[in-house]
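Remarks on the overall topology
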Amino acid sequence: MPRKKKGLKFELLPRPTKDENGKPLLYARPAIRRKWSMKWLDDFCNKYRGLQKGELEHAFNTFLDAAVIHMADGSRIETPFGSFSIKLKIKGDFSDPKKVKHDDVTFGGIEYIPSKRFTQELLNHIEDGFLKDTDPYDREAIRANTTHEEALQKCLQKGYTTINHFCYHSGLKYKAGQRFLNSLCEGDNPSFCRYKEGTTYIYRPVVQKEAK
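What counts and how
- Residues numbered from 1 in each chain as written.
- Predicted model: local features only at pLDDT ≥ 70, side-chain atom pairs only at ≥ 80, totals over all residues.
- Heavy atoms only, no water.
- Helix = DSSP H or I, 4+ residues; strand = E, 2+ residues; numbered from the N terminus.
- Buried < 20%, exposed > 50% of the residue type's maximum accessible area, 1.4 Å probe, protein only.
- Areas by Shrake-Rupley, 256 points an atom, 1.4 Å probe, with all protein chains shown as cover.
- Pairing = 2+ DSSP bridges.
- Axes fitted to C-alpha atoms, helices over the stretch in contact; angles between N-to-C directions.
- Salt bridge = Lys/Arg side-chain N within 4 Å of Asp/Glu carboxyl O.
- Contact = heavy atoms within 4.5 Å.
- Parallel < 35°, antiparallel > 145°, perpendicular 65-115°, else oblique.
- Core = buried A, V, L, I, M, F, W, Y, C linked by side-chain atoms within 4.5 Å.
- Disulfide = S-S within 2.5 Å.
- Polar contact = N/O pair within 3.5 Å; in protein donor to acceptor, adjacent residues only side chain to side chain.
- Arc of directions from axis to C-beta.

Quick look at the overall build of the chain
Regarding its fold elements, the chain presents 7 helices and 8 strands. Buried residues in the chain amount to 24% of all 212 residues. Here the chain displays about 16,300 Å² of accessible surface, and carbon together with sulfur accounts for 54% of that area.

See below:
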């Protein structure tokens, strides 16, 4: 069989969960993780899509201003690339609706559901499938992941952790700790979920009933 040379490159990284032999299970993510700015995309559309310079950026800013006005009452905004609506969360566990007070419900972020058209257009551009990038995973990353997992367990006495709390126990700098915690929220079966309270990100383990 000829060696595959084309495709969207992906890398494999360890999850905190392990198989029956004690080895970390893996998850895949794109190996090339560039970030294109709005200005770059605006310039691209100016050169190759016939838009005036600044037109795309202005359209996005106008959309943001208009969308939040109509989303603020709970409405969903539908666009060619997906729909947007407010997410809510309840502080605490309730089974009786009568016990839920107004202040128990808070803003939980923005829900985005990609449109079928957007999804299909993207898939149409991934013509050659997927290509594994170099080795399955870095051995040093596996060992570091084990150390970080031990630090993580120390942080979960209250059932959740924050980036600063995890960095204190793991010895990592803020950005490195943030990357590790965010990696636990990625993949098809994430072991953690992330949400924001004020200016602080909260990381909680995904319990079995949430994973179903």
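Here we look at the sheet that holds strand S1 (residues 8-18)
Where strands meet in a sheet, backbone hydrogen bonds hold them as pairs that are either parallel or antiparallel. An order of S2-S1-S6 is seen for the 3 strands of this open sheet, with the pairing classed as mixed. Edge positions in the sheet fall to strand S2 (24-30) and strand S6 (130-132), since each of these pairs with one other strand and no more. Strand-to-strand twist in this sheet, taken as the mean axis angle between neighbours without regard to direction, amounts to 45°.

Quick word on the environment of lysine 173
Within the secondary structure layout, lysine 173 lies in the loop between helix H5 (163-170) and helix H6 (174-183). What makes lysine 173 exposed here is its relative accessible area of 70%. Considering only alpha carbons, one finds lysine 173 and isoleucine 163, 10 residues apart in sequence, at a separation of 9.5 Å.

A short note on the pattern of salt bridges
According to the stated counting rule, one finds 4 salt bridges in the structure shown. For glutamate 11, the salt bridge goes to arginine 29, with nearest N and O atoms at 2.6 Å. One end of the pair, glutamate 11, is in strand S1; the other, arginine 29, is in strand S2, and 18 residues separate them in sequence. In this structure, lysine 39 and aspartate 43 form a salt bridge, with 3.1 Å as the shortest nitrogen-oxygen distance.

Looking at the sheet that holds strand S4 (residues 82-90)
With respect to topology, 3 strands assemble into an open sheet ordered S3-S4-S5, the strand pairing being antiparallel. In this open sheet, the two strands that pair with only one neighbour each are strand S3 (77-79) and strand S5 (105-114). Each strand axis lies, on average, 30° off the axis of its neighbour in the sheet, ignoring direction. Taken strand by strand, helix H2 (residues 55-71) contacts S3, S4 and S5, and its axis lies near 145° from that of S3.

What about the pairing of strand S7 (residues 192-197)?
As paired strands, S7 and strand S8 (residues 200-205) are joined by 6 bridges and run antiparallel to one another. Among the inter-strand pairings, phenylalanine 192 is bridged to a residue of S8, identified as proline 205. In this structure, the hairpin formed by S7 and S8 is closed by a connection of 2 residues, where glycine 198 is found at a positive phi of approximately 65°.

Comments concerning the packing of helix H1 (residues 38-48) against H2
Between two packed helices, what matters for the description is the angle formed by their axes and the separation of those axes. Direction vectors running N to C along H1 and H2 enclose 130°, while the axes themselves pass 7 Å from each other. When the axes of H1 and H2 are compared, the pair comes out oblique. Contacts between H1 and H2 involve Met38, Lys39, Leu41, Asp42 and Cys45 on the former and, on the latter, Glu55, Leu56, Glu57 and Phe60.

Quick word on the nonpolar core
Grouped together as the largest cluster of nonpolar side chains are 12 residues: Ala151, Leu152, Cys155, Leu156, Ile163, Phe166, Cys167, Phe180, Leu181, Leu184, Phe192 and Tyr203. Elements represented by at least two residues in this core include exactly helix H4 (139-155), H5 and H6.

Focus: the state of the cysteines
This model, assessed by the stated rule, comprises 0 disulfides. Distance from the sulfur of cysteine 155, which forms no disulfide, to the nearest cysteine sulfur (cysteine 167) is 8.9 Å. The exposure class of cysteine 155 is buried, given its relative accessible area of 2%. No disulfide involves cysteine 185; its nearest neighbouring cysteine sulfur is the one of cysteine 193, lying 6.9 Å away. Taking the relative accessible area as the measure of exposure, cysteine 185 reaches 24% and is therefore partly exposed.

Points about the side chain of serine 115
Among the structural elements, serine 115 can be located in the loop between S5 and helix H3 (116-125). Within polar-contact distance, the side chain of serine 115 engages the backbone oxygen of proline 80 at 2.6 Å. Sequence-distant contacts of serine 115, defined by excluding residues within four places in its chain, comprise Thr79, Pro80, Phe81 and Gly82.

What to know about H1
Residues of H1 that are buried include every one of Asp42, Asp43 and Cys45, and no others. With its buried residues spanning 165° around the axis, H1 presents them on a single face. Along H1, exposed side chains directed more than 90 degrees from the buried face belong to Lys47 and Tyr48. Against the buried residues of H1 lie H2. Once H1 ends, the next one or two residues include glycine 50, with phi positive near 75°.

None of this, on its own, says anything about what the molecule does.
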